[in-house]
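Notes for the structure review
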Amino acid sequence: MQEALLAAFETWTADGVPEHPAGWLRTVAARRYVDQVRADAARQRRERAAVDATPRDALLAPPPDAEPARDDLLELLFLCCHPALGPSAQVALTLRAVGGLTTPEIAAAFLVPEKTMAQRIVRAKQRLREAGARFALPPEPEREPRLTVVLHVLYLIFNEGYAASSGPALRRVDLTRQAVRLTRRLHRRLPADGEVAGLLALMLLTEARGPARTGPEGELVPLAEQDRTRWDRSAIAEGTALLTHALSTAPVGPYQVQAAIAAVHAEAPSAEETDWPQVLGLYELLERLAPGPAVTLNRAVALGMVRGPAAGLDLVRELADGPLAGHHRLLAVRAHLLERAGEREAAAREWREAARLAGSLPERRFLVRQAARLM
Amino acid sequence: MKYLMLIYGNEEIWNSLPAGDLTTLIGEVDAFNEALRASGELVESQGLVSRARSVRMVGDAPVVTDGPYLEAKEYVGSYFVVDVDSEERALEIARSYPALRFGSGRSGGGLEVWPLMTGTGGDL
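Residues numbered from 1 in each chain as written. Chains lettered and ligands numbered in written order. Predicted model: local features only at pLDDT ≥ 70, side-chain atom pairs only at ≥ 80, totals over all residues.

Regarding the overall build of chain A
Keep this limit in mind: For helices the rule is a DSSP run of H or I covering at least 4 residues; for strands it is a run of E covering at least 2, with both sets numbered from the N terminus onward. Around each residue's C-beta, the other C-beta atoms within 10 Å are counted; 20 or more make the residue buried, 12 or fewer make it exposed, and counts in between make it partly exposed. All C-beta atoms are placed from the backbone. Two residues qualify as a contact pair if the distance between their C-beta atoms, derived from the backbone, is within 7 Å.
Check the secondary structure of chain A and you find 20 helices and zero strands. A total of 375 residues make up chain A; the buried ones form 40% of that total. For chain A, restricting intrachain contacts to residue pairs at least 6 apart in sequence, the fraction spanning at least 24 positions comes to 59%.

The structure is reproduced here in structure tokens:
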């Protein structure tokens, strides 16, 4: 596949890049190629970020009598997501100061007592003072890495809210909606940043599957078994449009590639008709942009769909000594591949072991059911 | 991520502590709890009365008996729950628990760290 990609790069540069609406891999790969060829891409991005980070009205002479409405969203986000803070403090402070949630609301969302959350916020502010953090845009060379932290915090808020089960007992502040709202504001503020657009697209394309993710009993429904007519088509359309625009104008980054993977799933009428070679190619690119064991694990699933379970299992074996060793997701992927290879007993063992180690109730129930099916 | 910390006590160890040590230790545990509260990591903390009962099915009826800790030297004396950024942080907190040092060289007086299950799950 990698060689196929390289070959494709060469063809495309010779013949020009073909246009095809479903060809996310093609678009992403071509974009990536363009980025690599352009030696000055990074410089351009920095320059653009600097321009984006400057309030629009600061680029123009203010009208003599007008007091410009000041949008301090960026300054606030950079402050709340200061590197001196840990992720849980960054998340709490962002929701409080930027999202406008009350402390009891945030406490309820994270299922901790109000006092605990109040202390966390107090402590976070104290930390910021000690670190000499300032309510101002960070100096230019720090801006891009700091924006990466901001995006990660928004991503964490989204994931926290992406609850598998709902219902009166688990009534929470809708963190998913908060994350989308904040990312949307950030995108309005930095419209030219491809990764901000990519993250917003990723959230929309993921959230679009929300209605189909849980069954009548609140149980987890895996992607392959979801009723795709229940996917939110307008969220998919919005996410797709954002991603298309970002990929044609900005340097490609990990959030855009993840959004492209979500878009491939969104386009597939059924699990069987999913364009797995494209998913695999996108994971290969993602692995080069942002390598990590979780990405490799996902690539193993795609590899198993394209080249058969044995190839997937070989790749999973390479991860067995890494940081994901003993992680329930790794065991679940191995179980899935073993099952597809026809090794029912071994698969059932892996499903059970994955269930034992799973940290979430809906996932555990799902994994136990998977094991029970094979017995 | 939330973690349940089970604190094991040992009657023999406690009974053998000089009164001064016990006062110092109680002060240290109070300071330990206060630090966790101030950092916004302590979810809750409770002491347990060492009078546990166990309920098990015997035949087809649930039967209440003493124990399971009554005869054992070790028992769960208290617990606390923290909400922290990583497992490393949870283990760091566990390692700094003041009463831990009284268990050294003897059996008992340890801490168990249990990750709590969450209500949310990712896509599978």
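Additional details are given in the paragraphs that follow.
Here's the deal with the overall build of chain B
From N to C terminus, chain B includes three helices and six strands. Secondary structure elements of chain B occur, N-terminal to C-terminal, as β-α-α-β-β-β-β-α-β. Going through the 124 residues of chain B one by one, you find that 18% of them count as buried. The long-range share in chain B, meaning contacts at least 24 apart out of those at least 6 apart in sequence, stands at 75%.

What to know about unusual backbone geometry
Residues and elements named next belong to chain A. At L111, a position not held by glycine, the phi torsion is positive, near 55 degrees. Checked against the element boundaries, L111 lands in the loop between α7 (103–109) and α8 (114–130). Look at L111 and you get partly exposed, because 14 C-beta atoms sit within 10 Å.

As for the packing of helix α17 (residues 309–319) of chain A against helix α18 (residues 328–340) of chain A
Residues and elements named next belong to chain A. Heads up, the condition is: Here the axes come from fitting lines to C-alpha atoms, over the contacting stretch only for helices, and the angles between their N-to-C directions go from 0 to 180 degrees. When an angle is under 35 degrees it counts as roughly parallel; over 145 it counts as roughly antiparallel; between 65 and 115 it counts as roughly perpendicular; any other value is oblique. Note on convention: the crossing is left-handed when the near helix lies turned anticlockwise from the far helix by less than a right angle, right-handed when the turn is clockwise. Three classes are used: nonpolar for Ala, Val, Leu, Ile, Met, Phe, Trp, Tyr, Cys and Pro, charged for Asp, Glu, Lys and Arg, and polar for all others, with Gly counted as polar.
Following both chains from N to C, one finds α17 and α18 inclined at 155 degrees, their axes separated by 9 Å at the closest point. One finds that α17 runs roughly antiparallel with respect to α18. α18 is crossed by α17, and the crossing has left-handed handedness. Residues P309, G312, L313, V316 and L319 of α17 touch α18, and the partners they reach there are L330, V333, R334, L337 and R340. Its residues assigned to classes, the contact of α17 with α18 shows seven nonpolar, one polar and two charged.

Considerations on the sheet that holds strand β2 (residues 42–47) of chain B
All names here are of chain B. The following threshold applies: Pairing between strands is defined by DSSP: at least two bridges between the two strands are required.
Spatially, four strands are ordered β2-β5-β1-β6 in an open sheet, and the strand pairing comes out antiparallel. In the strand order of this sheet, the two ends are held by β2 and β6 (111–115), each with one partner. Here the strands of the sheet are splayed against their neighbours by 20 degrees on average, with no regard to which way each runs. Two elements, β2 and strand β5 (residues 74–83), share five bridges in a ladder whose sense is antiparallel.

Some remarks on the environment of L25 of chain A
With respect to the element layout, L25 of chain A can be found in helix α2 (residues 24–37). Filtering out sequence-adjacent residues up to four positions away, L25 of chain A remains in contact with Q278, G281 and L282 of chain A.

Quick word on the confidence of the model for chain B
Residues and elements named next belong to chain B. Condition: Confidence of the predictor at the level of single residues is captured by pLDDT, which takes values from 0 to 100.
On average, chain B scores 85 in pLDDT, and the residues at 70 or more come to 85%. Confidence, expressed as mean pLDDT per element, reaches its minimum in chain B at helix α1 (residues 11–16) with 75 and its maximum at helix α3 (residues 87–95) with 95. We note a pTM of 0.83 for the whole complex and an ipTM of 0.84 for its interfaces.

A word on the pairing of β5 of chain B
The two faces of a sheet get side chains in turn, since along a regular strand they alternate between them. As paired strands, strand β1 (residues 2–10) of chain B and β5 of chain B are joined by nine bridges and run antiparallel to one another. Note on β5 of chain B: the bridge partner recorded for M5 of chain B is F80 of chain B.

Considering the domain arrangement of chain A
Convention followed: For each domain, the first and last residues come from an automatic or database assignment.
We note that the domain assignment places domain 1 (17–56 + 71–291) and domain 2 (292–375) within chain A. Counting residues at the interface gives 14 residues for domain 1 of chain A, matched by 14 residues for domain 2 of chain A.

With respect to the pairing of strand β4 (residues 61–66) of chain B
Across the six residues of β4 of chain B, zero count as buried, placing the element largely on the outside. Counting the residues between successive antiparallel strands, the hairpin from strand β3 (residues 53–58) of chain B to β4 of chain B contains two residues, one of them, G59 of chain B, with a positive phi of roughly 65 degrees.

Section: helix α10 (residues 175–189) of chain A
All names here are of chain A. So the rule is basically this: By definition here, a helix of n residues has an expected span of 1.5 Å times n minus one.
Between its first and last C-alpha, α10 extends 21 Å over 15 residues, near the 21 Å set by a 1.5 Å rise per residue. Among the residues making up α10, those that are buried are L175, T176, Q178, A179, V180, L182, T183 and L186. Summarising the contacts, the buried residues of α10 are in contact with α5 (73–80), α6 (87–98), α7, α9 (140–161) and α11 (194–207).

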